[in-house]
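Residue-level structural notes
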There are 2 protein chains.
Amino acid sequence: MGRASGPPPPGEIWIGDDAAIVTPPSGPLVLATDAVVGGVHCDLALTGLDDLGWKGLTAAVSDIGAVGARPLHALVTFCVPPGADVGRLADGVAQASAEWGCPVVGGDVTAAGDVVVSVAVTGVLDGPEPAVLRSGARPGDHLFVTGPLGASAAGLRVLRAPARRLPGDRGPADVSDQLAASHRRPTARLAEGVAARRAGATAMIDISDGLSIDLHRVADASGVGFRLDRLPVAAGAIRAEALGGGEDYELLIAVSDPETLERAFADAALRPPLAIGRVTGDPSERLLDGDPLPRTGWEHRIG
Amino acid sequence: MGRASGPPPPGEIWIGDDAAIVTPPSGPLVLATDAVVGGVHCDLALTGLDDLGWKGLTAAVSDIGAVGARPLHALVTFCVPPGADVGRLADGVAQASAEWGCPVVGGDVTAAGDVVVSVAVTGVLDGPEPAVLRSGARPGDHLFVTGPLGASAAGLRVLRAPARRLPGDRGPADVSDQLAASHRRPTARLAEGVAARRAGATAMIDISDGLSIDLHRVADASGVGFRLDRLPVAAGAIRAEALGGGEDYELLIAVSDPETLERAFADAALRPPLAIGRVTGDPSERLLDGDPLPRTGWEHRIG
């Protein structure tokens with residue numbers, strides 16, 4: 001890699017040997033891994049290798065945030081076809097590494113037919129509260145998301161068929177630019193995950209495959225049902241993109257005391273969480289506005 | 001994954017959530033990652049997906065052993081084309097996981113055109129001795145390898161062109177079988193790495209790309225030269241395979257006191273280390289039997 005942010009602290013060994021040596025805080029260690037593949041997680045005709053690198057690191061870091069932990073260190077593996085611009089991949093990884101405060105301490109580069117960015121991240125749970133799992137939602141809990149959904153899928157749509165811009169017509173193009181940016185450079189909701197854990201969240205997941213399937217996963221793991229009465233759709237996105245688009249990386253949070261969550265977000269100067277519904281005790285009840293919510297999600301396939 | 005060995009200890013969360021929660025011993029944490037790719041690190045017409053899974057986990061665990069650490073936990077990502085037998089990949093990973101005592105605590109599966117097994121492993125340094133890096137070799141140190149070399153490359157050669165066996169002719173076929181097994185199911189020299197660290201090894205590397213290039217890497221990192229006077233060639237392998245074949249995963253060890261190393265290996269009931277030469281103070285001196293040792297290594301490309 002060679003692109004980590006700054007030198008290692010004294011006593012640590014980062015890139016260049018067989019293994020890295022780091023000194024995490026004592027106590028539980030959080031581990032997550034994710035991979036993104038050119039042609040699957042992005043269309044490399046529409047987005048850059050730097051965007052793929054960003055997305056690979058961000059997706060793995062987001063998994064750390066989704067249990068309420070803070071990322072510590074990343075290991076990054078690139079699989080690249082002959083002639084691929086590894087430097088540009090590494091640039092995107094380094095930008096995300098700096099953005100999420102998660103230095104890359106080791107890695108591997110190997111030949112392959114596809115471009116693959118595989119990232120493993122360690123993390124730590126600051127404070128005494130335990131990790132927030134998918135399995136802790138209880139009947140009566142309030143459900144929140146950390147932001148409107150569907151922007152990444154809408155961004156891919158916009159990139160595929162850019163709207164023609166008329167002279168002086170700035171508005172829609174600005175929205176399109178924002179949607180494209182959401183697809184190219186997703187955000188990991190790290191501060192939100194930590195705030196939710198410390199505010200007593202009972203269950204949490206990052207919405208990587210779409211609200212619908214990820215909410216079903218939480219309900220399955222918790223043995224509960226849900227009734228949604230609101231679907232926050234990102235500006236310029238459509239409902240189907242918000243429900244099944246995937247790669248938004250907003251957090252879905254269950255919490256018994258919504259005021260504590262809202263106060264914690266306000267205290268941390270975070271965007272207010274958006275209430276979307278309630279957890280119910282009947283695992284067969286999976287409703288949005290009274291209708292069954294289909295278990296659909298992003299199919300991890302572009303094009 | 002779902003194939004880790006046994007249930008997690010109390011308080012730990014393994015497979016199934018966004019992230020795993022583990023409790024490593026306090027102190028330095030060792031991190032390594034490696035990836036193997038079908039068609040690059042093995043020919044899937046000659047070896048199985050289970051072999052690729054084994055090799056992926058073993059290569060990453062070997063990096064942990066190469067600094068003298070003991071592996072703790074693995075994260076495994078599979079990239080697979082449609083229809084690939086993920087179960088067989090996972091079987092090989094699970095077999096290696098059991099063999100090296102390194103449970104798989106999390107993972108990811110995604111679509112791709114190639115079969116990729118990307119593995120990240122955490123490890124711990126038992127005892128007070130520091131990690132053994134590539135950069136610690138000093139003039140006068142003795143150089144050892146943990147076993148004869150070239151078996152993996154010779155095994156690939158045998159798999160590509162199996163010798164015809166005559167009735168009653170068992171000997172050469174047995175050697176061929178062993179070489180093929182060395183290629184399909186390499187061994188991580190974990191106990192050897194720990195013993196070498198505790199015996200005061202000054203530098204160490206696992207020979208994943210071939211003795212020649214990996215020895216040059218140690219010499220480069222340490223700012224030293226070397227004179228080799230012995231090349232241990234595996235039975236059935238040739239010198240070129242021993243020097244540049246790669247994927248043997250034997251350890252190359254530099255140590256100032258060879259008797260202590262040999263005694264530590266004997267005390268641990270390990271195969272005696274094989275002396276191959278000495279470290280010298282002239283970084284431009286890189287000799288095998290008096291001739292310059294070319295900086296050749298395995299090119300990470302099959303076929």
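I will try to describe carefully the structure that is included in this document. As the structure is a computational prediction, the values presented were derived from the model and not from experiment. (Residues numbered from 1 in each chain as written. Chains lettered and ligands numbered in written order. Predicted model: local features only at pLDDT ≥ 70, side-chain atom pairs only at ≥ 80, totals over all residues. Heavy atoms only, no water.)

Focus: the overall build of chain A
Helix and strand counts for chain A come out as eight helices and twelve strands. The globule rule puts the C-alpha radius of gyration for 303 residues at 19 Å, and the 20 Å found for chain A is close to it. Going through the 303 residues of chain A one by one, you find that 60% of them count as buried. Sequence-distant contacts, at least 24 apart, represent 87% of the contacts inside chain A between residues at least 6 apart. When the accessible surface of chain A is totalled, it reaches about 11,300 Å², and 53% of it is carbon and sulfur. Charge-centre separation for chain A: the mean point of 26 positive side chains lies 4 Å from the mean point of 38 negative side chains. (Helix = DSSP H or I, 4+ residues; strand = E, 2+ residues; numbered from the N terminus. Rg over C-alpha atoms; globule rule 2.2 N^0.38 Å. Buried < 20%, exposed > 50% of the residue type's maximum accessible area, 1.4 Å probe, protein only. Contact = heavy atoms within 4.5 Å. Areas by Shrake-Rupley, 256 points an atom, 1.4 Å probe, with all protein chains shown as cover. Lys, Arg positive; Asp, Glu negative; His and termini not counted. Charge placed at Lys NZ, Arg CZ, Asp CG, Glu CD.)

Comments concerning the sheet that holds strand E11 (residues 286-288) of chain A
Residue and element names in this part refer to chain A. Reading across the sheet, the seven strands line up as E7-E9-E6-E10-E8-E11-E12 and stay open at both edges, with mixed pairing between neighbours. Where the open sheet ends on each side, the last strands, each with one partner, are strand E7 (203-206) and strand E12 (291-292). By the bridge criterion, two bridges tie E11 to E12 in an arrangement that is antiparallel. When the sheet's bridge partners are listed, Leu287 is paired in E12 with Pro292. (Pairing = 2+ DSSP bridges.)

Comments concerning the relation of the copies chain B and chain A
Structural alignment of chain B on chain A gives an RMSD of 0.0 Å, achieved by rotating through 180 degrees and translating 0.0 Å along the axis. The two molecules are tied by a two-fold rotation axis, judged by turn and shift. Minimal C-alpha distance to the rotation axis in chain B is attained by B:Ser26, lying at 2.4 Å. The share of interface residues of chain B whose copies in chain A are also at the interface is 100%, consistent with both copies meeting through the same surface. (Least-squares fit on C-alpha atoms with pLDDT ≥ 70 in both.)

Observations concerning the interface of chain B and chain A
Across the contact, 52 residues belong to chain B and 52 residues belong to chain A. For the pairing of chain B and chain A, the buried interface totals around 3,900 Å² over both sides, and the portion due to carbon and sulfur atoms is 62%. Three residues, B:Asp18, B:Leu29 and B:Leu31, lead the burial of chain B against chain A; their summed loss comes to 18% of the area buried on that side. At the junction of chain B with chain A, the criterion picks out four salt bridges. One salt bridge in this structure joins B:Asp17 and A:Arg134, with 3.9 Å as the shortest N-O distance. Scanning the region where chain B abuts chain A turns up 16 residue pairs in polar contact (both at pLDDT 80 or more). Among the elements of the structure, strand E1 (20-22), strand E2 (29-37), strand E3 (70-80), strand E4 (104-111), strand E5 (116-124) and strand E7 (203-206) of chain B are those that each provide at least two residues to the side of chain B that touches chain A. Of the residues forming the side of chain B that touches chain A, the biggest block, eight residues, is contributed by E2(B). Here the residues of the side of chain B that touches chain A sort into 28 nonpolar, 15 polar and nine charged. Examined bridge by bridge, strand E2 (residues 29-37) of chain A and E1(B) share three bridges and lie antiparallel to one another. Each bridged residue has a counterpart across the sheet, and for A:Leu29 the counterpart in E1(B) is B:Val22. (Buried area = accessible area lost by both parts, 1.4 Å probe. Salt bridge = Lys/Arg side-chain N within 4 Å of Asp/Glu carboxyl O. Polar contact = N/O pair within 3.5 Å; in protein donor to acceptor, adjacent residues only side chain to side chain. Nonpolar A, V, L, I, M, F, W, Y, C, P; charged D, E, K, R; others polar.)

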